[in-house]
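An overview of the molecular structure
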Amino acid sequence: MFPTYDVIVVGAGHAGCEAAVAAANLGSKVLLATMNMQTIAQMSCNPAMGGVAKGQIVREIDALGGYSGIVTDHTMVQFRMLNQSKGPAMWSPRAQSDRMQFARKWRQMLEAHPNIDFWQEMVSGLLVKDGRVCGVRTGMGLEIPGRAVVLTNGTFLNGIIHIGEKQFGGGRAGESAARGITEQLVELGFEAGRMKTGTPPRLDGRSLDYSRMEVQPGDEIPGRFSYTETPKLEQQMPCHITYTNEKVHEVLRTGFEQSPMFTGRIQGLGPRYCPSIEDKIDRFADKDRHQLFVEPEGGDTCEIYVNGFSSSLPEDVQYKALRLIPGFENARMFRPGYAIEYDYFPPTQLRLTLETHLVKNLFFAGQINGTTGYEEAACQGMMAGINAHLNLQEAEPLILKRSEAYIGVLIDDLINKGTKEPYRMFTSRAEYRILLRQDNADLRLTPLAHALGMRGMEARMERVRHKEAAAAQIERFVRETSVAPDDLNGFLEGLDSAPIRQKVKLHPVLLRPNVGLNGLRSALPALDSFLAAFDTESIELAEISMKYEGYIEKEQEMVDRMNRLEELRLRDDFDYHQLVSLSKEAREKLTRIKPRTIGQAGRISGVTPADVSVLLVHLGR
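Nothing here was measured: the structure is a model prediction, and the numbers come from that model.

Looking only at helices and strands, the protein has 22 helices and 22 strands in total. Over its C-alpha trace the protein gives a radius of gyration of 26 Å, about what one expects of a compact globule, namely 25 Å for 621 residues. Projected onto the principal axes, the alpha-carbon positions of the protein cover approximately 80 × 70 × 50 Å. When contacts within the protein are restricted to residue pairs at least 6 apart in sequence, long-range pairs at least 24 apart make up 72% of them. Per element, the accessible surface of the protein, about 25800 Å² overall, is 49% carbon and sulfur. The centroid of the 73 positive side-chain charges in the protein is displaced by 2 Å from the centroid of its 79 negative side-chain charges.

Among the nonpolar cores identified, the biggest contains 120 residues, and L151, L362, M383 and I407 are the most heavily contacted of them. Among the elements that line this core, the one with the most residues is helix α10 (residues 374-392), at 11 residues. The contact partners of L362, leaving out residues within four places of it in the chain, are L126, V133, V149, L151, L185, F190, L354, E355 and T356. Residues L488, L492, I500 and L510 belong to the second largest nonpolar core, which totals 25 residues.

Positive phi, normally seen in glycine, also occurs at D496, with a value near 55°. Relative accessible area serves as the criterion here: at 76%, D496 is assigned to the exposed category. Phi at N514 is positive, roughly 70°, even though this residue is not glycine. Tracing the chain through its elements places N514 in the loop between α15 (506-510) and α16 (517-523).

Read across the open sheet, the four strands follow the order β11-β10-β19-β12; overall the sheet is antiparallel. Whereas interior strands pair on both sides, the edge strands pair on one side only; in this sheet they are β11 (166-169) and β12 (193-199). Strand-to-strand twist of the sheet, defined as the mean angle between neighbouring strand axes without regard to direction, takes the value 25°. Summarising the sheet, strand β10 (residues 160-163) and β11 pair through four bridges and their orientation is antiparallel. From the neighbouring strand, H162 faces β11, where its bridge partner is Q167.

Tracing the backbone through its elements, the reader meets L492 in helix α14 (residues 485-494). Residues L492 and A523 lie 31 residues apart in sequence; the distance between their C-alpha atoms is 9.4 Å. Those residues within four positions of L492 in sequence are excluded, and the remaining contacts are S497, A498, P499, I500, V509 and R512.

What follows deals with the packing of helix α2 (residues 54-63) against helix α11 (residues 406-417). Geometry of a packed helix pair, given as the angle between the helix axes and the separation of the axes. Contact pair α2 / α11: the axes reach a minimum separation of 9 Å and the direction vectors enclose 110°. The orientation of α2 relative to α11 falls into the category roughly perpendicular. From α2, Q56, I57, E60 and I61 reach across to α11, where they touch Y406, I407 and L410. In the contact of α2 with α11, the residues fall into five nonpolar, one polar and one charged.

Cut-off values and rules
- Residues numbered from 1 in each chain as written.
- Predicted model: local features only at pLDDT ≥ 70, side-chain atom pairs only at ≥ 80, totals over all residues.
- Heavy atoms only, no water.
- Helix = DSSP H or I, 4+ residues; strand = E, 2+ residues; numbered from the N terminus.
- Rg over C-alpha atoms; globule rule 2.2 N^0.38 Å.
- Contact = heavy atoms within 4.5 Å.
- Areas by Shrake-Rupley, 256 points an atom, 1.4 Å probe, with all protein chains shown as cover.
- Lys, Arg positive; Asp, Glu negative; His and termini not counted.
- Charge placed at Lys NZ, Arg CZ, Asp CG, Glu CD.
- Core = buried A, V, L, I, M, F, W, Y, C linked by side-chain atoms within 4.5 Å.
- Buried < 20%, exposed > 50% of the residue type's maximum accessible area, 1.4 Å probe, protein only.
- Pairing = 2+ DSSP bridges.
- Axes fitted to C-alpha atoms, helices over the stretch in contact; angles between N-to-C directions.
- Parallel < 35°, antiparallel > 145°, perpendicular 65-115°, else oblique.
- Nonpolar A, V, L, I, M, F, W, Y, C, P; charged D, E, K, R; others polar.

Coordinates in, geometry out; function isn't part of it.
Set out below in structure tokens:
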């Protein structure tokens, strides 16, 4: 009934969709197996993509040929560039999405791919022979052969939904949990754990009084995620901001005795940086209010997502508390918030390719690895799909360094440090964030995807070459063009910047605080005329490269020093127990994680600089 697929992807959330696309775009024949074809690429939680560090990840996915950025651009209803008051290393794109259009667009793009087939049914187990995966088994007992398998099960593995004292099996509201895979993996020797996440209630937007809330509009000139020519956002929808208060908190506290979180019925740890509303008022008892973001679910629905009000309290307590929030006095609830507990597998059991150590050609991606967030899941899915294909070709894997991508930071953190709570990406996790900006993801990563032979990369590489050449041309003009005091001092005076006394090159003027190319254009017609021939991305790249040149060079020197350790390879089968000079913890961690390089070994939690020195001596360095 089934051919032998190159790659079988289990689960069609954000990780599964990107895994399927990545393998298929490299030439693999892919089967995407999902319990429900109607929920492909479902935005299970908030209807948004991007944000701090997450926006950088979406741009990196796009630069490597993934679809998340393209789908977001086609379906967003609002765009904002966050952190623009800070340096460009912190700028982070975020889009409010139309939930239904987002899933529809993803499905259209997947179904248009000639290398992707679909199967709707629960996958209950794996086919494993001689330590190698060779397919999957479904709930109906069908066996589907595959040379590699990527598991992207999200919150569905033995998922339990909690609302007050009620609990029932499910991977998402209205959908059943997946059973069988965890038990088989544990039998094969994998370590499993439990995690928890939650979601807020959904409200009827027609019942809210927006006049009592703060308006949060999108950017005046909205940007986009994809480096391709996606549609420009013409009409934006506003979000709104409101706040809880002491009366809200008092009502919520009445439900604490029935809270599964406080009574111990939930065993898994929840996300530290996205706590439930009851967790917030318990942990931050000194705060008399908490900010809530009132987000539309799309242009064709009145459904509203209350960002910041995740809860597993009884539904009547949620409802009473909501109606005490300004603007929510007459709120009608579509469904209550809930917590969900699910199985995950500590990611220290994986290689940097996301392939498991125990079973050849078996890959894990997304929440099964202990992460949280669509963006974190999507980038793992993409890397697992790429490396599953490369494994089958017996080619060198694609492993992104911490200095190359936020994706590299995320995977390196997971494999070397593990996680006991849902992992979320932040800019602070990246030590080279001046190099890993959202504006240059295409320059960093598109050449890698092009070298792999990823479908559609020729046109993208041409864009990269054009962007680099344009930025270089702009830099040359700025460095070589002189300006006179009469042309510039009026502009500088308006910025409270010291006037110039004689003709100077434009470059040192640009390096002054609060001076940018766009501002200079208004004072210098020759500059304005020159820049009119260039697109915004190239101008922005040139300006950042010049203004932050010293910082960029310093960070690159740090990268070059660290990369020397990344070039010192370690064998997978090396017996660390023979090196008695290593600490006992180091021997145990190195044996379990099997680092590829000395650099990776040094980032493993519990491996000290002294242990790294022992390894260097052993390698004759």
